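Results of the structural survey
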Amino acid sequence: MLANNYRYKVMFMMLMLAIINYIDRGAISYAQAEIIKEFGFDNVGWGMVLGYFGYGYIFGSLFGGILADKKGPKFVFTLVGIGWSIFVILTAFAGEIGLSLFGGSALTGFAVIRIFFGLAEGPTFSTINKANANWAAPKERGLAVGLGILGTPLGALLTAPIIVGILSITNWRVMFIGLGIFGIVWVLLFRRMFSNMPEENPSVSKAELEQIRSRAHLLPGEKVVGDSKKEIKWYEFFKHRALVFNAISYFSYMYVNFLLLTWTPKYLQDEFNFQLSSLWYLGMIPWVGACITVLLGGKLSDFLRRKTGKLRIARSYFTIVCLALTAACFLIIPTVNSPVAVIALMTIGNAFNSLPNTVYWSIILDIEPDKAGTYGGMTHFVANFATIIAPTLTGFLVTYYGYSSMFIAAAVAVIIGMMTMFFVNPDKSISKLSLVNRQVV
């Protein structure tokens, strides 16, 4: 019997869900001129509006991952997809909600809606990681993670033409309502074809299931779902140095990612006087390379894994090189004045930053696939403090030091992430470490 590769359809549907996730979160950045004009926010206030998303997102990513392990990814995908779509719709009325219910403060209204919107979006990627742990064969984990994570740059790239196109024919309120309705419809379609495990899905052939559960290509220390001989506790995450430092390094990726997602439209308008009509293509450019490298990174990491037999080379050292190149690009940006040079450096830097994106999630699958949801959520929790810090700090930096300072801050964050990867050794699983500890005792 031939394998029918139904798992790739599942991965594609998760990619589409991730794209919708990113378009919904990035839409507000292109509506900023209308919103700021209507409610009178300054740069600091606008930075706070963008940063409020992160307060909910960090906790959503943490508890969503735990929930995905306990209730299964199908339940979580349905819950959060409908949830964030509802809050996208409510964003259209956030200012009025604040003015009516929160002491006449439009900022507070946006704060409440954005926090709950972030809470609902937070579980998405840790739940995708849990689904990949269930559905992906060990030899293609990098590819599977790459397809899921591709939703990050591809969603950000598509946000510009889609949102600018919508805003050219209607207003920002109608835009948010339309995005929310579309999200609900897509989640319900996804729910019909998805199952928590391939064993539960009648569209998965016996041959494909054997491929998914094959141990033929496992390296020492690698595991597949169901291999854990004991119950792995959530707090053992903090006992594993590789997982902790992997999460800190992932923060640097998220800092650059969310900085570009939230501040690029306003930066281009303020510094180079571009109009909204130009942003449909200018907003796409910084993400073009990242769409390629996020998939290429997963393939390169898997290639290094096969050729060297060392996960530390394939995951950690590969990431260090990529982040060094990322930091170099962002440090050069303040020294150039041409918009072409600035956008080119942003694009190249973002491309290098996205190369190891799959690595952060692959390391979790390499070390403990049975806790992919929980540990993915904990990793996301640590990393996504960047979704608060990047936009909020940038608001202060550009107000007092100019836009050049935001690129320097990004480079510093990336250098910290690069240094922490020297302490990441994914060759040992938690179960293996626990066994060694018991033997020592």
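Our structure is the block above this text.
A brief look at the structure comes next. This one's a predicted model, so the numbers in the text were calculated from it and none came from an experiment.

Helix and strand content of the protein: 21 helices and zero strands. For the protein, whose C-alpha radius of gyration is 21 Å, the value lies close to the compact-globule estimate of 22 Å for 441 residues. Each principal axis of the C-alpha atoms in the protein carries an extent, and together these give about 60 × 45 × 45 Å. Within the span of the protein, comprising 441 residues, buried residues form 60% of the whole.

Orientation of helix α15 (residues 311-332) relative to helix α20 (residues 404-420), taken along the N-to-C sense of each, is 165°, at an axis distance of 8 Å. In terms of axis orientation, α15 runs roughly antiparallel to α20. Handedness of the α15/α20 crossing: left-handed. On α20, the residues that touch I320, L323, A324, T326, A327, F330 and L331 of α15 are F407, A410, A411, V414, I415, G417 and M418. Taken together, the residues of the contact of α15 with α20 break down into twelve nonpolar, two polar and no charged.

What follows concerns the environment of I35. Secondary-structure assignment places I35 in helix α2 (residues 32-39). The exposure class assigned to I35 is buried, which follows from its relative accessible area of 0%. As for I35 and W46, which are separated by eleven residues in sequence, their C-alpha atoms are 9.4 Å apart. Setting aside residues no more than four positions away along its own chain, I35 makes contact with I28, G40, F41, W46, F110 and W172.

I35, F41 and Y255 are the most contacted members of the largest nonpolar core, which totals 128 residues. It is helix α12 (residues 241-272) that provides the largest number of residues to this core, a total of 16 residues. The residues contacting F41, other than those within four sequence positions of it, are I35, I36, W46, V49, A106, L107 and F110.

Our next topic: helix α9 (residues 151-169). The terminal C-alpha atoms of α9, which comprises 19 residues, lie 26 Å apart, in line with the 27 Å expected from a rise of 1.5 Å per residue. Its maximal kink placed at T159, α9 deviates by approximately 35°, while the proline P161 follows within four residues. If you check which residues of α9 are buried, you get G151, T152, P153, G155, A156, L157, T159, A160, I163, V164 and L167.

With that settled, consider a nonpolar patch on the surface. A grouping of I313, Y317, L331, I408, V412, I415, I416, M419, F422 and F423 is seen on the molecular surface, where their side chains present a nonpolar patch of about 850 Å² in accessible area. Elements represented by at least two residues in the nonpolar patch include exactly α15 and α20. Looking at the nonpolar patch, the element that brings in the most residues is α20, giving five residues. Inspection of the secondary structure assignment puts Y317 in helix α15.

What counts as what
Residues numbered from 1 in each chain as written. Predicted model: local features only at pLDDT ≥ 70, side-chain atom pairs only at ≥ 80, totals over all residues. Heavy atoms only, no water. Helix = DSSP H or I, 4+ residues; strand = E, 2+ residues; numbered from the N terminus. Rg over C-alpha atoms; globule rule 2.2 N^0.38 Å. Buried < 20%, exposed > 50% of the residue type's maximum accessible area, 1.4 Å probe, protein only. Axes fitted to C-alpha atoms, helices over the stretch in contact; angles between N-to-C directions. Parallel < 35°, antiparallel > 145°, perpendicular 65-115°, else oblique. Left-handed = near helix turned anticlockwise from the far one by under 90°. Contact = heavy atoms within 4.5 Å. Nonpolar A, V, L, I, M, F, W, Y, C, P; charged D, E, K, R; others polar. Core = buried A, V, L, I, M, F, W, Y, C linked by side-chain atoms within 4.5 Å. Expected span 1.5 Å × (residues − 1). Bend = angle between axes of the 7 residues up to and from the residue. Patch = residues over 30% accessible without salt bridge, like charges linked within 9 Å, V, L, I, M, F, W, Y side chains within 5 Å. Areas by Shrake-Rupley, 256 points an atom, 1.4 Å probe, with all protein chains shown as cover. Salt bridge = Lys/Arg side-chain N within 4 Å of Asp/Glu carboxyl O.

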